[in-house]
Amino acid sequence: MTTAVVRALGALAHDAVHPSTEAGGPCACPAPAVLADRADGTVVRSGPVVAKAHAPGTDTADLAARLAVASSGALAGVLLPPVSRPSGRAAPTVTVHGRTVTLWPHGDPVDPADPDAAPWEEAAGLLARLHRTSPAAAFTPAGVPVPALPTMRGPAKAALAVARMHAALPDDPATAPVREAWRRLPAWARDEAAMPPHRSRFLCHGDLHLGQLVRHPAPHGPWLLIDVDDLGLGDPAWDLARPAAWYAAGLLPPEVWLRFLDAYREAGGPAIRAEGDPWPELDVPARALTVQTAALAFAKAAAQRRTPDEVERTMIDACARIASLPPELTAEHSS
């Protein structure tokens, strides 16, 4: 991201705090700070507001529908709503150097240096509430027709990760286990076909991980889900797939996984059966997230001219185990 764009994002966030029309002199606000700068989004903070430049090519109609859901009273206490205008309506998107930009309240993120304090139960409860919310209820208060709600982008993100790996390391034999694990997924999980009807009627976040939670108001407010770029209708099991994949690979301790799973069930989450083995519902999404993570590991390592680190290697090895399973086992829960 260029300095000019970062400066423009900082100015937008600053103006949302106190518009230039109200400025009476020199401002004592701290300089804007870049919170994230990736290909899929750049976030700049000014005081209590952040400006986010979305990925190039973002579908503005789909984004508008997602913003409407985030603004809906039906999801108050679940999703962080965008910054509102005095009328109370969601702030409109603007365009900065060809990038669609939205404005959001700043919240305190999960502390990566304190993994024991990670809000796994809170995340599970928020997901359960999101999944239990009727799409019609989420849309009606915002005045947006229900059919405008896009498909959850989880499979699309997995496909993009595999494409990045192919572009970075075409035909590299080291990537063979990842490619084989990807090939064994059903077409819908590879974003090559529509989801089966029973998997496509729930409101889903689409990219759940601990970086998608903040406390608002900071620093002691409740945990809320952020980043609606991938939100839409789909299989709610996809939102449980990343911790499921980490657990299956040995990166998430069993006791943490069970806390997360139990909290989701206690909150009435519909992604998995109320009791018993959750893997018939989780198997395909968890395998897809394993492939996505391993593919991104290869792509990032290639870009940085290094070998995959220990954690990345763990997910790559998990793909090798998936690729070595008899085909009937990987196909068992694919429909």
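Note: the structure precedes this text.
Engineer: It is not clear to me how the pairing of strand β2 (residues 41-46) should be interpreted in this structure. Could you clarify?
Structural biologist: A regular strand places its side chains so that they alternate between the two faces of the sheet. For β2, the buried fraction is high: five of the six residues fall into the buried class. When strand β1 (residues 33-38) meets β2, the two strands line up antiparallel, connected through five bridges. By the bridge assignment, Ala 33 is partnered in β2 with Arg 45. Remark: two residues form the turn of the hairpin made by β2 and strand β3 (residues 49-54), two consecutive strands paired antiparallel; Gly 47 in that turn has positive phi of roughly 60°.

Engineer: Please explain helix α7 (residues 241-249) as it appears in this structure.
Structural biologist: The set of residues buried in α7 consists of Ala 241, Arg 242, Pro 243, Ala 244, Ala 245 and Ala 249. For α7, the secondary structure elements touched by its buried residues are α3 (120-132), α8 (254-266), α9 (279-303) and α10 (310-324). Just downstream of α7, Gly 250 is the residue with a positive phi angle, here 90°.

Engineer: What exactly am I supposed to notice about the sheet that holds strand β9 (residues 223-225) here?
Structural biologist: Each strand in a sheet pairs with another by means of backbone hydrogen bonds, the pair being arranged parallel or else antiparallel. Taken together, three strands build an open sheet; the order of strands is β6-β8-β9 and the sheet is antiparallel. Looking at the sheet topology across the chains shown, the edges are occupied by β6 (108-109) and β9. One ladder, built from two bridges, connects β6 with strand β8 (residues 213-215); its direction is antiparallel. Each residue of the ladder has a partner; that of Pro 109, found in β8, is Val 214. Against the sheet, α3 engages β8 and β9, with an angle of about 50° to β9.

Engineer: I'm lost on the environment of Leu 185 in this one. Help?
Structural biologist: Tracing the backbone through its elements, the reader meets Leu 185 in the loop between α6 (176-183) and β7 (202-204). For the pair Leu 185 and Arg 287, spaced 102 residues apart in the sequence, the C-alpha separation amounts to 7.7 Å. Residue contacts for Leu 185: discarding those within four places in its chain leaves Arg 190, Val 284, Arg 287 and Ala 288.

Engineer: Help me understand the side chain of Arg 190, please; the structure alone is not making it clear to me.
Structural biologist: Mapped onto the elements, Arg 190 comes out in the loop between α6 and β7. Here Arg 190 falls in the buried class, since its relative accessible area comes to 15%.

Engineer: Before we go on, may I ask you to explain the packing of helix α5 (residues 154-168) against α9 in this structure?
Structural biologist: Packed helices, taken two at a time, are described by the angle their axes make and the gap between the axes. Relative to each other, α5 and α9 sit at 35°, their axes nearing to 8 Å. For the pair α5 and α9, the crossing hand works out as left-handed. Of the residues in α9, those touching α5 at Gly 154, Lys 157, Ala 158, Ala 161, Val 162, Arg 164, Met 165 and Ala 168 are Ala 288, Val 291, Gln 292, Ala 295, Leu 296, Phe 298, Ala 299, Lys 300 and Ala 302. In terms of residue class, the contact of α5 with α9 is built from 12 nonpolar, two polar and three charged.

Engineer: It is not clear to me how the sheet that holds β2 should be interpreted in this structure. Could you clarify?
Structural biologist: Within the open sheet, the five strands sit side by side as β1-β2-β3-β5-β4. Their pairing is antiparallel. Edge positions in the sheet fall to β1 and β4 (94-96), since each of these pairs with one other strand and no more. Here the average twist between neighbouring strands, direction ignored, is 25°. As defined by bridge partners, β4 adjoins strand β5 (residues 99-105) across three bridges and the pair is classed as antiparallel. Residue pairing across strands places Val 96 opposite Arg 99, the latter belonging to β5. The strands that helix α1 (residues 3-17) touches are β1, β2, β3, β4 and β5; relative to β2, the one it contacts most, it runs at about 45°. Sitting on the sheet, helix α2 (residues 60-71) is in contact with β3 and β5, with an inclination near 5° to β5.

Engineer: Explain the environment of Ala 168 here, please?
Structural biologist: Examined against the element boundaries, Ala 168 turns out to sit in helix α5. Distance in space between the C-alpha atoms of Ala 168 and Lys 300 is 8.6 Å, their sequence separation being 132 residues. Setting aside anything within four residues of it in sequence, one finds Ala 168 in contact with Ala 299 and Ala 302.

Engineer: For this particular structure, what's the right way to read the packing of aromatic side chains?
Structural biologist: Aromatic ring pairs are defined here through the distance separating the ring centres and the angle between the ring planes. Summed over all chains, the structure comprises seven aromatic pairs. Pairing Trp 120 with Trp 246 gives two aromatic rings, centres 6.3 Å apart and planes at 90°, and the pair type is edge-to-face. You can see Trp 120 sitting in helix α3 and its partner Trp 246 sitting in helix α7, a full 126 residues away along the chain. A relative accessible area of 7% places Trp 120 in the buried class.

Engineer: Looking at this model, I keep getting lost on the nonpolar core. Mind explaining?
Structural biologist: Across soluble globular proteins, you tend to see nonpolar side chains buried next to one another. Counting 44 residues, the largest nonpolar core has Leu 79, Leu 225 and Leu 240 as the members making the most contacts within it. Secondary-structure elements contributing two or more residues to this core are α2, α3, β9, α8 and α9. When residues no more than four places from it in sequence are discounted, the contact partners of Leu 225 are Val 78, Leu 79, Leu 80, Leu 126, Leu 127, Leu 130, His 205, Leu 208, Gln 212 and Leu 213. The next biggest cluster of nonpolar side chains, apart from the first, holds 32 residues, and it includes Ala 249, Val 284, Ala 297 and Met 315.

Here is what the cut-offs are and how they apply
- Residues numbered from 1 in each chain as written.
- Predicted model: local features only at pLDDT ≥ 70, side-chain atom pairs only at ≥ 80, totals over all residues.
- Heavy atoms only, no water.
- Buried < 20%, exposed > 50% of the residue type's maximum accessible area, 1.4 Å probe, protein only.
- Helix = DSSP H or I, 4+ residues; strand = E, 2+ residues; numbered from the N terminus.
- Pairing = 2+ DSSP bridges.
- Contact = heavy atoms within 4.5 Å.
- Axes fitted to C-alpha atoms, helices over the stretch in contact; angles between N-to-C directions.
- Left-handed = near helix turned anticlockwise from the far one by under 90°.
- Nonpolar A, V, L, I, M, F, W, Y, C, P; charged D, E, K, R; others polar.
- Phe/Tyr/Trp six-rings, centres within 6.5 Å; stacked < 30°, edge-to-face > 60°.
- Core = buried A, V, L, I, M, F, W, Y, C linked by side-chain atoms within 4.5 Å.

Bear in mind that shape data such as this cannot, by itself, settle questions of function.
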